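Structural characterization, general
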Amino acid sequence: MHPSLTNSLLPGKLRQQLYTILKQNFSGRLIMKNVMVILIVLLTVTFFIAGCAAPQQPAKQYKWKVHDPDRPVPPIITPGTATSAPSDAIVLFDGSDLSEWASSGDKPAKWKVENDYMVIPKGGGTLRTRRSFGNCQLHIEWASPAEVKGSDQGRGNSGIYFMGQYEVQVLDSYNNKTYADGQAGGIYGQKPPLANACRPPGEWQTYDIIFHRPIFADEKLVKPATITVLHNNILIQDHWIIEGRTLWRQRAIYKPHADALPITLQDHGNPVRYRNIWIRPLKPDEETE
Ligand code: MG
């Protein structure tokens, strides 16, 4: 038994004992017997080590090696202050104009710009982004009317529809009783917010939303959409798996659609205001790299 072999496989104490046996029994038969013992010990130890190191999950093909120096490093982004847009965001509304928005039928946006915000006028209709988006991080600020009118779903109602399909509810939920899955920050008709983080009527509120689009193949759903929402910096939707297109009084279902579509803002007949809207499109398949 060459020392280098035992050196590489056995712990120090056991190795020492094996050398002692070899030295003390330097005669043919006894050596053969001890060699057999050593081999059995070696095999046992080897199988034990191999068993401990065996992967507990199916082998996976990785695109990158661990600590791969060729793997692109994340881009450097200058963070914004509390709510201002970071350096790589697309600013959808900075208070000056509605050039990034359109009304139904590709018409110029009908909503009004006042001061640093836009407001839903009577008959304003749905507003949509001119650009299309799939996976994204969205920051949007909104305020329900300072003068409280109506109740339940009729009070400060609007909504943010990702891909024009999946609504994050906007509602004055400050001391306003309504059904849970229709509250501010609810995924409408599916999932109530984890908390009611609403500020009083008229005060500005923030939504920060991470949305991952659904994936379809051959007109069938392969992977549902997911959404995470922070309302005034409080987590209210935690990677919710969206059940389908949000609907009123109907169970949601998916209908196949394009990989990128406009975001729409709902006109529900209440003069809700919006300001400071920016978006960061996310790579479509980043999670599978
Ligand atoms: Mg709504």
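Residues numbered from 1 in each chain as written. Predicted model: local features only at pLDDT ≥ 70, side-chain atom pairs only at ≥ 80, totals over all residues.

**What about the overall build of the protein?**
What the protein contains, in helices and strands, is three helices and 16 strands. Residue burial in the protein is summarised as follows: out of 289 residues, 27% are buried. Within the protein, counting contacts between residues at least 6 apart in sequence, those at least 24 apart form 60% of the total. (Helix = DSSP H or I, 4+ residues; strand = E, 2+ residues; numbered from the N terminus. Buried ≥ 20, exposed ≤ 12 C-beta atoms within 10 Å, placed from the backbone. Contact = placed C-beta atoms within 7 Å.)

**Here we look at the pairing of strand 12 (residues 220-223)**
Of the strand pairs in this sheet, strand 11 (residues 215-217) and strand 12 are connected by three bridges, and their pairing is antiparallel. Note on strand 12: the bridge partner recorded for Ala217 is Lys220. Between strand 11 and strand 12, which follow one another and run antiparallel, lie two residues, and Asp218 among them has a positive phi close to 50°. (Pairing = 2+ DSSP bridges.)

**Remarks on the confidence of the model for the protein**
A residue-level look at the protein finds 75% of positions with pLDDT of 70 or above and a mean pLDDT of 84. Ignoring residues within four places in sequence, the model shows residues 1-10, a span with pLDDT below 50, making 13 contacts including any to other chains. (pLDDT = per-residue confidence, 0-100.)

**Some words on the environment of Tyr166**
Secondary-structure assignment places Tyr166 in strand 9 (residues 166-170). Residue classification places Tyr166 among the buried positions, given that 25 C-beta atoms sit within 10 Å. Between the C-alpha atom of Tyr166 and that of Phe211, which follows or precedes it by 45 residues, the distance is 9.9 Å.

**Considering the sheet that holds strand 8 (residues 158-162)**
With antiparallel pairing, six strands are arranged side by side in an open sheet as 3-2-6-15-8-9. The open sheet has two edge strands, strand 3 (107-108) and strand 9, and neither has a second partner. Two strands pair when backbone bridges link them, and strand 8 and strand 9 are joined in this way by five bridges, in the antiparallel orientation. Counted as the bridge partner of Tyr161 is Glu167 from strand 9.

**Quick notes on unusual backbone geometry**
Not every positive phi belongs to a glycine, and Asn232 is a case in point at roughly 50°. With respect to the helices and strands, Asn232 occurs in the loop between strand 13 (226-231) and strand 14 (234-241). Despite not being glycine, Asn276 shows a phi value in the positive range, around 45°. Mapped onto the elements of the fold, Asn276 is located in strand 16 (residues 273-281). According to the C-beta neighbour criterion, Asn276 is buried, with 20 such atoms within 10 Å.

**Notes on the pairing of strand 13**
Side chains on a regular strand alternate between the two faces of the sheet. Burial along strand 13 is one-sided: the face carrying Ile227, Val229 and His231 is buried and the face carrying Thr226, Thr228 and Leu230 is not. Across six bridges, strand 10 (residues 205-212) lies against strand 13 in antiparallel orientation. Along strand 13, the bridge assignment pairs Ile210 with Thr228. As judged from the five bridges shared by strand 13 and strand 14, these two strands associate in the antiparallel manner. Within strand 14, the position partnered with Val229 by the bridge is Gln237.

**Here's the deal with the nonpolar core**
In this structure, Ile140, Ile160, Ile209, Ile227 and Tyr274 are the most contacted members of the largest nonpolar core, which totals 41 residues. Sorting the residues of this core by element identifies strand 1 (90-93), strand 7 (136-143), strand 8, strand 9, strand 10, strand 13 and strand 16 as the ones contributing at least two each. Contact partners of Ile209, with chain neighbours within four places excluded, come to Leu138, Val168, Ile227, Thr228 and Val229. (Core = buried A, V, L, I, M, F, W, Y, C linked by C-beta atoms within 7 Å.)

**Overview of the environment of Gly202**
One can find Gly202 in the loop between strand 9 and strand 10. Note on Gly202: 15 C-beta atoms within 10 Å, which makes it partly exposed. Discounting residues that sit within four places of it in the chain, Gly202 has contacts with Ala143, Pro145 and Ala146.

**A short note on the environment of Val229**
By the secondary structure assignment, Val229 is in strand 13. Between the C-alpha atom of Val229 and that of Phe211, which follows or precedes it by 18 residues, the distance is 8.6 Å. Excluding its chain neighbours within four sequence positions, the residues that come into contact with Val229 are Val168, Gly185, Tyr207, Ile209, Ile236 and Gln237.

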